[in-house]
Amino acid sequence: DASTNDSSLIAEDIGDFNSEIYISPSGDAVGFMAEGHKFHLIVEEDEREIGISGYVLAISDSGKLVYYMVINNNVYSYFVYKEGRHISLGSESRYDTSHYGNGLIFNRDLTQVLVAVNNNLYFSMDGSKAVCIASLDDEVSMPDSDSSWEFSCISTKAMIRNNNVLFLPAKNLCNQLYRFA
């Protein structure tokens, strides 16, 4: 706990398998993936298992939202888990050469996310169904090696960048300037 400088045991024997630890922005929720696609989510004294057959990307405060990605036959699908439901945020084939610039951008408390897939930009707030807010033509030509095709925020520098996932310090994603072209 950063505010009191206290440490507490969150789980035993998790070092026996290869797993990453996920911590919410406030530090009140911690999670890790266990064998059998069981994501263990710990909030205060409460620990629960969530069936997730993919790769966890982030968890919000109090563990209310768990964002994850599933890869199946080269199709990358993004989801948010909220209150027992797995809600689709979008999917794309990595071998479809007419689409570029996939990625996710989260706000600072992980309650908002922008998802760029299949030349579309989707927005989700508080784990809601993603809404398409922008689209590019389906006939996008391959960018030149000299050009800069990307999906990024140009008004606020990311706190963390993990491959195609950005974590912004902004509270609201709607008042930022993005490059989606």
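What comes next is a walk through the structure. (Residues numbered from 1 in each chain as written. Predicted model: local features only at pLDDT ≥ 70, side-chain atom pairs only at ≥ 80, totals over all residues. Heavy atoms only, no water.)

1. Side note on the pairing of strand β12 (residues 131–135)
The criterion, for reference: DSSP bridges decide pairing: two strands pair if at least two such bridges lie between them. In DSSP terms, a helix is any run of H or I states spanning at least four residues, a strand is any run of E spanning at least two, and both are numbered starting from the N terminus.
Pairing analysis gives 4 bridges linking strand β11 (residues 120–125) to β12, with the strands arranged antiparallel. Note that in β12 the partner of Tyr122 across the bridge is Cys132.

2. What to know about the nonpolar core
The test is simple: We call a set of buried Ala, Val, Leu, Ile, Met, Phe, Trp, Tyr and Cys residues a nonpolar core when their side-chain atoms join them within 4.5 Å. Here the term buried applies to any residue with accessible area under 20% of the maximum for its type, exposed to any over 50%, and partly exposed to those in between, with areas from a 1.4 Å probe on protein chains only. Residue contacts are defined here by distance: any two heavy atoms, one from each residue, within 4.5 Å place the two residues in contact.
Judged by nonpolar contacts, the single largest core of 18 residues is most densely connected at Tyr67, Tyr78, Leu89, Leu104, Phe106, Val113 and Val115. Elements with a minimum of two residues in this core: β6 (66–72), β7 (75–82), β8 (85–93), β9 (103–106), β10 (112–117) and β15 (165–167). Contacts of Val113, omitting those with residues within four sequence positions, involve Tyr67, Leu89, Leu104, Ile105, Phe106, Tyr122, Phe123, Ser124 and Leu173. Tyr22, Val56, Val66 and Tyr81 belong to the second-largest nonpolar core, a separate cluster that totals 14 residues.

3. Some details on the side chain of Asn107
Short version of the rule: Residues adjacent in sequence count toward polar contacts only when both atoms are side-chain atoms; beyond that, a polar contact is any pair of N or O atoms within 3.5 Å, and within protein one must be able to donate a hydrogen and the other to accept it.
Following the sequence through the fold, Asn107 ends up in the loop between β9 and β10. Residue class for Asn107 comes out buried when judged on its relative accessible area of 1%. Here Lys171 takes part through its backbone oxygen, which lies 2.8 Å from a polar atom of the side chain of Asn107.

4. Concerning the sheet that holds β8
In a beta sheet, neighbouring strands pair by backbone hydrogen bonds and run either parallel or antiparallel. Test applied: Helix axes use the C-alpha atoms of the stretch in contact, all axes being lines fitted to C-alpha atoms, and the angles between their N-to-C directions lie in the range 0 to 180 degrees.
The antiparallel open sheet is built from 4 strands, whose spatial order is β5-β6-β7-β8. Each edge of the open sheet carries a strand with a single partner, namely β5 (55–59) and β8. Strand-to-strand twist across the sheet, computed as the mean angle between neighbouring axes with direction ignored, equals 20°.

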